[in-house]
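Structural overview for review
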Amino acid sequence: MPFISFELERWQSEWEHHVRFNLSESGVHPLTVGDLLSLAGADSETLHSLRLGYSQADGTETLRQALASLYPGASADNVIVTVGSAEANFITCWTIIEPGDKVAILSPLYRQTWGLAQNFGAEVVTFDLREELGWEPDPADVERAIMPGTKLVVVTNPNNPTGHVLSTEARTLILERVREVGAWILADEVYVGAELAGEPTSSFWGSYERAVIVSGLSKAYGLPGLRIGWAVGPAHFKQSVYERHDYTVICPSAPSDYLATCALKVRDKVLARTHSILNENYPVLESWLSEFGDNITWQKPDCGAICFARLLTSPDTVELAHKVRADYDILLEPGEHFGLPGYIRFGYGEKPEVFQQALQGLKPAFEKYVGR
């Protein structure tokens, strides 16, 4: 069986540390350790005296309780702390999927689960968010894709790359269909907390007994370097993913576990910083995009430091991204990495002054390759 490479991560791993401006990033500008400790009102002495031994494998009780409090009705026994949401997705798919299983995936999305399912031998079908429907799914597509015999349904909500939050009607439709066929649902909710309007996205947690929620501190919290994620699910399911966690990374790092606990104690402050960056930068991006007239179309995202724009004059956005990187030292994220050629996912979570410099540097490239 041929191995499916994760194109987006290959692209970012290759180039993100070798360009002047990185507009491929989908989170907000990261906090420093000092920033986080200051927000939390914590001194550095505890961190300095922390023993660098193995931490509690599924996350310390303190951290798991803090995470459980975000999901009404959950306890620490429902939570496993992972090395980023990427590990949470991996061990969840590993637990559920067997060769020959049917997996239905909402598309476009961060294609980790799309590739994992196929690498685990599953048959993957997609049901698409449609731009003409405001990035909502067509009900007929939902019913077609989530068919009897489907083992797992994967959704990313808020969505990456569109930044769209599913309507109540779409969530209800998906859940009704999942119940009908008896599938598991994996809801990647890593962007929850980064809503531009500040209204938190409703979680899939508590809506269905076979729901697993994956999230982490990388996107909304601006703490990707901590590599702290989590999965929340039924207690018996937590035990199954825990056994697979023994085969992957064993445990999160002790400093990351401690700093993650600090972040959750001041979650409101951390997310307020995120909202400030997003609401300052998005109008700047919107004004910049509008300079290219009808050559670029987009819909305002509901959530996240991401805007998915269609370039009507540049159908091959991988080629465009290569030219921009090589000639202008700026990294973009092409739509092909989400299965949609002709789009660019713009990340706008940088420091506002740096973001404006990046757009100024990008302008001549778009004037040349996209037109006005």
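Residues numbered from 1 in each chain as written. Predicted model: local features only at pLDDT ≥ 70, side-chain atom pairs only at ≥ 80, totals over all residues. Heavy atoms only, no water.

1. A word on unusual backbone geometry
For the peptide bond that leads from Ser107 to Pro108, omega is 5°, which places it in the cis range. Assignment of secondary structure puts Pro108 in the loop between β3 (102-107) and α6 (112-119). Cis geometry is found at the peptide bond from Asn157 to Pro158, where omega equals 0°. In this structure, Arg227 takes a positive phi of about 55° despite not being glycine. Looking at Arg227, the relative accessible area reads 35%, which means it is partly exposed. Here the phi dihedral of Ile250 falls at roughly 70°; this positive angle occurs in a residue that is not glycine. Along the chain, Ile250 turns up in the loop between α9 (235-248) and α10 (254-265). (Helix = DSSP H or I, 4+ residues; strand = E, 2+ residues; numbered from the N terminus. Buried < 20%, exposed > 50% of the residue type's maximum accessible area, 1.4 Å probe, protein only.)

2. Digging into the pairing of strand β4 (residues 123-130)
With six bridges joining them, β3 and β4 adopt parallel strand pairing. What sits directly across from Leu106, in β4, is Phe127. In the classification by handedness, the crossover that spans β3, the intervening α6 and the parallel β4 is right-handed. Sheet analysis places β4 next to strand β5 (residues 136-137), joined by two bridges and oriented antiparallel. The residue bridging Leu129 from the neighbouring strand is Pro137, located in β5. Counted along the chain from β4 to the antiparallel partner β5, the turn is five residues long, and its residue Gly134 has a positive phi close to 70°. (Pairing = 2+ DSSP bridges. Right-handed = clockwise from strand over helix to strand, strands pointing away.)

3. Digging into the pattern of salt bridges
Going through the model one piece at a time under the given rule, you end up with twelve salt bridges. Two residues, Glu180 and Arg177, come together in a salt bridge whose shortest N-O distance is 2.7 Å. Of this pair, Glu180 and Arg177 both sit in helix α8 (residues 168-181), three residues apart, which is roughly one turn of the helix. Classification of Glu180 as exposed rests on a relative accessible area of 57%. In this structure, Lys323 engages Glu319 in a salt bridge whose closest nitrogen and oxygen atoms are separated by 3.4 Å. Taken together, the residues span about one helical turn, with Lys323 and Glu319 both in helix α12 (residues 317-328) at a distance of four residues. Salt bridges linked by common partners bring Asp58, Glu61, Arg64 and Lys238 together as one network. (Salt bridge = Lys/Arg side-chain N within 4 Å of Asp/Glu carboxyl O.)

4. With respect to the packing of aromatic side chains
Taken as a whole, this structure holds 16 aromatic pairs when the rule is applied. Through successive ring pairs, a cluster of aromatic residues spans Phe90, Trp94, Phe120 and Tyr247. Cation over ring: Arg171 sits above Phe204, and NZ or CZ is 4.5 Å from the ring centre. Directly above the ring of Trp94 sits Arg244, whose terminal nitrogen or CZ lies 6.0 Å from the centroid. (Phe/Tyr/Trp six-rings, centres within 6.5 Å; stacked < 30°, edge-to-face > 60°. Lys NZ or Arg CZ within 6 Å of the ring centre and 35° of its normal.)

5. Structural notes on helix α5 (residues 84-96)
Note that an α-helix has 3.6 residues per turn; residues three or four places apart therefore point the same way. Across its 13 residues, α5 extends 19 Å between first and last C-alpha, which sits within 8% of the 18 Å expected from 1.5 Å per residue. In terms of burial, α5 is a largely internal element, ten of the 13 residues being buried. Three or more residues of α5 are buried, namely Gly84, Ser85, Glu87, Ala88, Asn89, Ile91, Thr92, Cys93, Thr95 and Ile96. (Expected span 1.5 Å × (residues − 1).)

6. A short note on the packing of helix α4 (residues 61-68) against α10
The N-to-C vectors of α4 and α10 enclose an angle of 35°; their axes lie 9 Å apart at closest approach. Considering how the two elements wind past one another, α4 and α10 form a crossing that is left-handed. Counting all contacts with α4, which are made through Thr62, Leu63, Ala66 and Leu67, the residues of α10 involved are Asp257, Ala260, Thr261 and Leu264. The residue makeup of the contact of α4 with α10, split by class, is five nonpolar, two polar and one charged. (Axes fitted to C-alpha atoms, helices over the stretch in contact; angles between N-to-C directions. Left-handed = near helix turned anticlockwise from the far one by under 90°. Contact = heavy atoms within 4.5 Å. Nonpolar A, V, L, I, M, F, W, Y, C, P; charged D, E, K, R; others polar.)

7. So, α6
For α6, the buried fraction is high: six of the eight residues fall into the buried class. Here α6 has its buried residues at Gln112, Thr113, Gly115, Leu116, Ala117 and Asn119. Considering only its buried residues, α6 is in contact with α5, β3, β4, β6 (150-156) and β7 (184-188). The first or second residue beyond α6 is Gly121, which carries a positive phi of 90°.

8. Side note on the nonpolar core
For soluble globular proteins, nonpolar side chains are generally found buried alongside one another. Among the nonpolar cores identified, the biggest contains 98 residues, and Phe127, Ile185, Leu332, Phe346, Leu362 and Phe366 are the most heavily contacted of them. Ranked by residue count, the leading element in this core is helix α11 (residues 267-290), at eight residues. With residues near it in sequence (within four places) discarded, Leu362 still touches Leu23, Trp288, Val324, Ile330, Leu332 and Phe346. In this structure, Ile80, Leu116, Trp184 and Phe237 belong to the second largest nonpolar core, which totals 24 residues. (Core = buried A, V, L, I, M, F, W, Y, C linked by side-chain atoms within 4.5 Å.)

9. As for the pairing of β7
Among the five residues that make up β7, five are buried, leaving the element largely enclosed by the rest of the structure. Burial along β7 is two-sided: the face carrying Trp184, Leu186 and Asp188 and the face carrying Ile185 and Ala187 are both buried. Both β6 and β7 contribute to a ladder of five bridges, which runs parallel. Within β7, the position partnered with Thr156 by the bridge is Asp188. Taken together, β6, α8 and β7 form a β-α-β motif whose crossover is right-handed. Taken together, the four bridges between β7 and strand β8 (residues 211-216) define a ladder with parallel strand orientation. When the bridges of β8 are listed, Leu186 appears paired with Val212.

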